[in-house]
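# Fold and contact review
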Amino acid sequence: MKLVYGTKNLAKVQHMRDMLRGLDLELVSLNDVGQITVGINESGNDPLENVCIKAKAYFNVLRVPVFSCDSGLIY
């Protein structure tokens, strides 16, 4: 199964590939799917809402499974 990681950060992609090693997944990044233009307004109230916004926006363009991660300061 091909899964798009909604990032262009190569270090994040490699880290996730290492974590998912052994699973029947082909993890690709936004760098691998060609030039896409998506205006994303990360207007969520927390990192979880923002990753949902990003993943849905990329899915709407690519029409393949997408996930996203976001790190944020939680206080």
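Counting from 1, residues in each chain are numbered in the order their sequence is written. Two thresholds apply to this predicted model, a pLDDT of at least 70 for residue-level local features and 80 or more for giving and counting side-chain atom pairs, whereas whole-chain, interface and lining totals are computed over all residues. Excluded from the side-chain calculation are hydrogens and water; included are all heavy atoms of the structure.

Note on conventions: DSSP H or I runs of at least 4 residues are helices, E runs of at least 2 residues are strands, and numbering of each starts at the N terminus. For the protein chain, the helix and strand inventory stands at two helices and three strands. Its helices and strands in sequence order give the protein chain the pattern β-α-β-α-β, from N to C terminus. Think of it in three bands: with a 1.4 Å probe and only protein chains considered, a residue is buried below 20% of the maximum accessible area for its type, exposed above 50%, and partly exposed in between. The buried share among the 75 residues of the protein chain stands at 32%. Only heavy atoms enter the contact rule, under which two residues are in contact if any of them lie within 4.5 Å. Summarising the internal contacts of the protein chain: among those between residues at least 6 apart in sequence, 46% fall at separations of at least 24. In the form shown here, the protein chain has an accessible surface area of approximately 5300 Å², with 54% of it arising from carbon and sulfur atoms. Here the Shrake-Rupley method, with its probe set to 1.4 Å, supplies the accessible areas, and only the displayed protein chains count as covering residues.

Counted as salt bridges are all cases of a side-chain nitrogen of Lys or Arg within 4 Å of a carboxyl oxygen of Asp or Glu. Under the definition given, this model contains two salt bridges. Arginine 17 is paired through a salt bridge with aspartate 32; the nearest N and O atoms lie 3.6 Å apart. Separated by 15 residues along the polypeptide, arginine 17 in helix H1 (residues 10-20) and aspartate 32 in the loop between strand S2 (26-29) and helix H2 (47-62) bring together distant segments of the chain. You can call arginine 17 partly exposed: its relative accessible area is 34%.

Here we take up the nonpolar core. Put simply, a nonpolar core is a bunch of buried Ala, Val, Leu, Ile, Met, Phe, Trp, Tyr and Cys residues held in one set by side-chain atoms that sit within 4.5 Å of each other. Counting residues in hydrophobic clusters, the biggest one holds eight residues: Val4, Val28, Leu30, Ile36, Ala55, Tyr58, Leu62 and Val66. For this core, the element with the most residues is H2, which contributes three residues. Excluding anything up to four places from it in sequence, valine 4 contacts Val28, Ser29, Leu30, Val33, Leu62, Val64, Pro65, Val66 and Phe67. By size, the runner-up hydrophobic cluster in this structure holds six residues, among which are Leu3, Tyr5, Val13 and Met16.

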